[in-house]
Amino acid sequence: ATPTCAFMTMAPNMTAPNSKDPSKSSSKTNCAHHPFNNEVVIGPDINPTRSHMDRKLYRYITLKNGLKCVLISDTVAMRQMKLEGIYDDDSDEESSDDEGKDVDGDESDDEDDEDDGLRKAAAALLVNVGSYHDPPYLQGLSHFLEHMLFLGTEKYPADNEYDAFLSREGGTNNAYTEMEHTLYHFAIPQEGTGEKNIWKALEMFSTFFKCPLLGGEQAHRELNAVESEFEMNKMDDDTRLQQLMCFSCGMDGEAKIMGRNDNSGYGKFGDSMQQSENSFHPFAKFSWGNMQTLKVEPEANGIDVMKELKEYYHAHYFARNMRLVVMAGYELDEIQRRVVECFRDVPADPRIVIDNQSDPTLIPPTHLKPYQLPFHSTSLASIYRILPVRHCHSLTLTWQIPSICQHWRTKPHDFIAHLMGHEASGSILSTLKKRGWAMGCSAGTGEDGLGDASTHALFTFHVSLSKRGVRCWEEVVKVVFCYIGMLRYHFQEGYVDGKGKKTEGLPQWIYDELKSIANVSYRYADEGDVEEIVEEIAENMALWYGLPEERVLDGDELLFDDVVDNETVKDLLFNYLTPQNLRVDLMSSLFGRESNFDEAIKDQRKGNVGEKDEDCEDVDEGVIKPVHDHFEDDSEDEKETAFDTGKAGPPSIEPRFGTHYWKEKISTIIMQQWTDASKAQLPPAGFPLDLPPKNPFVPSQFDLKPLPTDDAAHPLVHCSVKVCVCVGKKKAWFPAVVTQYKMDGVHPKVLISYEDEDEKWH
């Protein structure tokens, strides 16, 4: 086929000299004649913070009702629609005329679309309320509400009408509940049957937050869906460990089943709240929810779940407590007009007074900062031995630290995590591997609300152990504290800064290296799926996350200051990463497995104690004794069990997931050994620990090489490419090879050879 119109994807460094880039055009279009110019406040301008490869246009606006939004004009999809002749922007053409010309004339943008069509449009809306805000007597309510919003609205009352529309048009949707926010999102093709998909979907989506039904016969079905999610995750060891940490964090080791008026020290919003000695921190809640917490227990306590659900919605789902991101292949003025039309009627303030609050126009404190650290002192300096579902051996060391949200500029927690988690010579992992104790490790704070919240953060060091490592877990922890002691030593030794002055802190080159790597990664980051893009920006806008409005694109990716926050690094190293502030979770199938334990109990009840499982040597009052041949890799004199379950007695049981575990306070002798190891000193001779070596491959120059004068050295020559060609009224992609390159005046051209041997200059 001979192309009548062709577009070739060019390499990022092959931008034509005279091509126009829509991403260079201003997002601040003339709004003087815009019909909705008095409906929004525009700013701050976030376009300067986008990555080097990002061709999208952004606009940050705030609606009259207080809803903060990020609008994204997808210039790649917009150009595609123009090429295919289906772009029909019905916005104010005068206000966006110049921007449209730039888009039409651009032929050098990096395409990040699929071969089979346009990149989809997407939207995400975040509500600043999550599982930490669940009433103690209705744990899982936020998750249940998330499900209920999909059941229909007053304008679209049919069952699953929203889902049916998206499915029919090739779209997708989902939602998830985190600890301090809930996020709803969808993606849909730009154009559909009969009308523009994105605007219809956005209008249906907006009714979730204006007039949901929140009731009906389908409520029981959604309750079953919540129960199904719980059952699906019941056998996941990571989830079971998280829930065990939540359950056992308090003074009494459990979160009680409470009635409507029993707060048990929990405190309502606005009350003075206790700190880490609180026996019921929000961290202790069961965030998943299930039939037990959302039906059986509430009914037993006389609680009307649907009434509580509606009150919870009316208290927290209002415009000033929400954040919206919309991305579509249209101009920013058009996206803004549609967003205003759809979301201006979302109530600005809570529909009901919260906790007898005198002024309902004030935003309630949906953050939980006064609670601070979650673990009671009685749950620290302890080891929890846990039965896994699957075969595994893992050691998780957890230190509770203050919230890290305010440290987004230098991210000192990531700085320490890099040092403890590196795998080069002199690392913790290399030392453990030499002794045959471990196979992998990771360090840092979690990205979910359990490990990173407005109240606290959990700094964890996770080790994948060998069987020998399970038996030597105290020595594994000692190696970790030796490394912390070495970091303390280097911190006190300090370094010489650029002015020749000796400064307390770890070597400056470590932070400089991390900053350079972050810059390169962000500068040349690949764009993710459209839903991932809007989700990530919406999460960065969350109230609890604490990023400034102008940094919602890059605030969680880059390091901004020239020097790391040494005061915070020192505080973490010397005051928080200590044996006294440590919780140890050791999960190993050497102790047995959940399935074996259940079978052993069943056999005991049936009187079949004589029938032994392959992983169990004996059953005695619900106790599993692991067999010695689990240590087949040990020498004969070292064949001993990692933990004597017979002497330990029956395990405790976490009530939600049914996890079996043994809790034991770490002995004074071991604690003293770890304390001595963590002192500011160089590591002992037996532990070859050191700072990571410098990375000589971090790039620092990003200038493009000049184009060659002839085709001999041009990088495109002899490369295989795909060319988009008009065949009648349709577009098709054809494989081809670049055979020649030349400069036609100021315009570079390449000769393309197609499979049918036809050649054409482009």
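Residues numbered from 1 in each chain as written. Predicted model: local features only at pLDDT ≥ 70, side-chain atom pairs only at ≥ 80, totals over all residues. Heavy atoms only, no water.

**Focus on the overall build of the protein**
Within the protein one finds 20 helices and 23 strands. In the protein, once contacts between residues fewer than 6 apart in sequence are set aside, the share between residues at least 24 apart is 77%. Summed over its atoms, the accessible surface of the protein is roughly 33100 Å², and 48% of this surface lies on carbon and sulfur atoms. (Helix = DSSP H or I, 4+ residues; strand = E, 2+ residues; numbered from the N terminus. Contact = heavy atoms within 4.5 Å. Areas by Shrake-Rupley, 256 points an atom, 1.4 Å probe, with all protein chains shown as cover.)

**As for helix α10 (residues 332-343)**
Turn by turn, an α-helix covers 3.6 residues, leaving residues three or four places apart pointing in a common direction. With twelve residues, α10 ought to run about 16 Å at 1.5 Å a step, and its terminal C-alpha atoms sit 16 Å apart, in line with that. Of the residues making up α10, those classed as buried are L332, D333, E334, I335, Q336, R337, R338, V339, V340, C342 and F343. (Expected span 1.5 Å × (residues − 1). Buried < 20%, exposed > 50% of the residue type's maximum accessible area, 1.4 Å probe, protein only.)

**What about the sheet that holds strand β10 (residues 393-401)?**
In spatial order, the strands read β11-β12-β10-β15-β9-β19-β18; together these seven strands make up an open sheet with mixed pairing. Looking along the sheet, the strands with just one partner apiece sit at the ends: β11 (438-445) and β18 (652-653). (Pairing = 2+ DSSP bridges.)

**A word on the sheet that holds strand β7 (residues 182-188)**
Strand-to-strand pairing in sheets goes through backbone hydrogen bonds, with the strands running parallel or antiparallel. Spatially, seven strands are ordered β2-β3-β4-β8-β5-β7-β6 in an open sheet, and the strand pairing comes out mixed. The sheet is open, and its two borders are formed by β2 (40-42) and β6 (172-177), each paired with just one other strand. The mean inter-strand angle of the sheet, taken between neighbouring strand axes irrespective of direction, is 15 degrees. The pairing of strand β4 (residues 68-73) with strand β8 (residues 322-328) spans six bridges and is parallel. (Axes fitted to C-alpha atoms, helices over the stretch in contact; angles between N-to-C directions.)

**Brief notes about the pairing of strand β12 (residues 457-465)**
Relative to β12, β10 is paired through eight bridges, and the arrangement is antiparallel. Paired with T398 across the strands is T460, a residue of β12. Note that β11 and β12 share seven bridges and pair antiparallel. Within the sheet, the bridge partner assigned to S442 lies in β12 and is H462.

**A closer look at the pairing of strand β20 (residues 720-727)**
Where β20 and strand β21 (residues 730-744) come together, eight bridges link them in antiparallel fashion. Bridge pairing in β21 links V725 to A732.

**Describing the nonpolar core**
Membership of the largest hydrophobic core comes to 65 residues, with the highest contact counts inside it found for W399, F415 and M420. L67, A121, I303 and I335 belong to the second-largest nonpolar core, a separate cluster that totals 63 residues. (Core = buried A, V, L, I, M, F, W, Y, C linked by side-chain atoms within 4.5 Å.)

**Digging into the confidence of the model for the protein**
Of the residues in the protein, 77% have a pLDDT of 70 or more, and the chain-wide mean is 82. Put simply, strand β1 (residues 6-8) is where the protein has its lowest mean pLDDT, 33, and β4 is where it has its highest, 98. Here residues 1-35 scores under 50 on pLDDT; set against residues more than four positions off or in separate chains, the count is 86 contacts. A low-confidence stretch, residues 608-639 (pLDDT under 50), is modelled with 71 contacts involving residues beyond four sequence positions or located in other chains. (pLDDT = per-residue confidence, 0-100.)

**Concerning the state of the cysteines**
Taken as a whole and assessed by the stated rule, the structure comprises zero disulfides. Counting only cysteine sulfurs, C246 is the nearest neighbor of C249, a cysteine outside any disulfide, at a range of 6.7 Å. C724 forms no disulfide, and the closest cysteine sulfur to it belongs to C726, at a distance of 6.8 Å. A relative accessible area of 13% means that C724 is categorised as buried. (Disulfide = S-S within 2.5 Å.)

**Overview of the pattern of salt bridges**
With the rule as written, the count across this model stands at 26 salt bridges. Linking E203 and K155 is a salt bridge whose minimum nitrogen-to-oxygen distance equals 2.6 Å. In this pair, E203 is assigned in helix α5 (residues 197-206) and K155 in the loop between α3 (141-148) and α4 (161-168), connecting sequence segments 48 residues apart. Its relative accessible area of 17% is what places E203 among the buried residues. Where R337 meets E341, a salt bridge forms, and the shortest distance between an N and an O atom there is 3.1 Å. With R337 and E341 both in helix α10 and four residues apart, this pair spans about one turn of that helix. Using a relative accessible area of 14% as the deciding quantity, one classes R337 as buried. Exposure remark for E341: the relative accessible area of 31% places this residue in the partly exposed category. Members of the salt-bridge network, linked through shared partners, are D54, K56, D74, R119 and E527. (Salt bridge = Lys/Arg side-chain N within 4 Å of Asp/Glu carboxyl O.)

**Some thoughts on unusual backbone geometry**
Cis geometry marks the peptide bond from G43 to P44, where omega comes out at 0 degrees. Structurally, the position occupied by P44 is in the loop between β2 and β3 (57-63). One non-glycine residue with positive phi stands out, namely N160, at about 60 degrees. With respect to the element layout, N160 can be found in the loop between α3 and α4. Located in the positive-phi region is K411, a residue other than glycine, with phi close to 50 degrees. In this structure, K411 sits in the loop between β10 and α11 (412-421). For K411, a relative accessible area of 9% gives the class buried.

**A short note on the environment of D333**
Assignment of secondary structure puts D333 in helix α10. Distance in space between the C-alpha atoms of D333 and L71 is 9.3 Å, their sequence separation being 262 residues.

**Quick notes on the packing of helix α14 (residues 473-493) against helix α17 (residues 566-576)**
Their axes nearest at 10 Å, the elements α14 and α17 cross at an angle of 145 degrees. Crossing angle aside, the handedness with which α14 passes α17 is left-handed. On α17, the residues that touch I484, L487, R488, F491 and Q492 of α14 are N566, V569, K570, L573 and F574. (Left-handed = near helix turned anticlockwise from the far one by under 90°.)

**Brief notes about the packing of aromatic side chains**
Applying the stated criterion across every chain yields a total of 28 aromatic pairs. Measuring from centroid to centroid gives 5.7 Å for F230 and F286, while their planes differ by 85 degrees, and the two rings are edge-to-face. Taken together, the residues F230 in helix α6 (residues 218-233) and F286 in the loop between α7 (237-247) and α8 (291-300) connect sequence positions 56 residues apart. Relative accessible area serves as the criterion here: at 3%, F230 is assigned to the buried category. Seen in terms of ring centroids, W399 and F459 are 6.3 Å apart; in terms of plane orientation they differ by 55 degrees. Their pairing is tilted. Linking W399 in strand β10 with F459 in strand β12, this pair joins segments that are 60 residues apart in sequence. Per residue, the accessibility class of W399 equals that of F459, and both read buried. Here the aromatic residues F150, Y162, Y184, F186, F205, F208, F209, Y313 and Y317 are joined through ring pairs into a cluster of three or more. Over the face of the ring belonging to Y384 we find R583, whose NZ or CZ atom lies 3.8 Å from the ring centre. (Phe/Tyr/Trp six-rings, centres within 6.5 Å; stacked < 30°, edge-to-face > 60°. Lys NZ or Arg CZ within 6 Å of the ring centre and 35° of its normal.)

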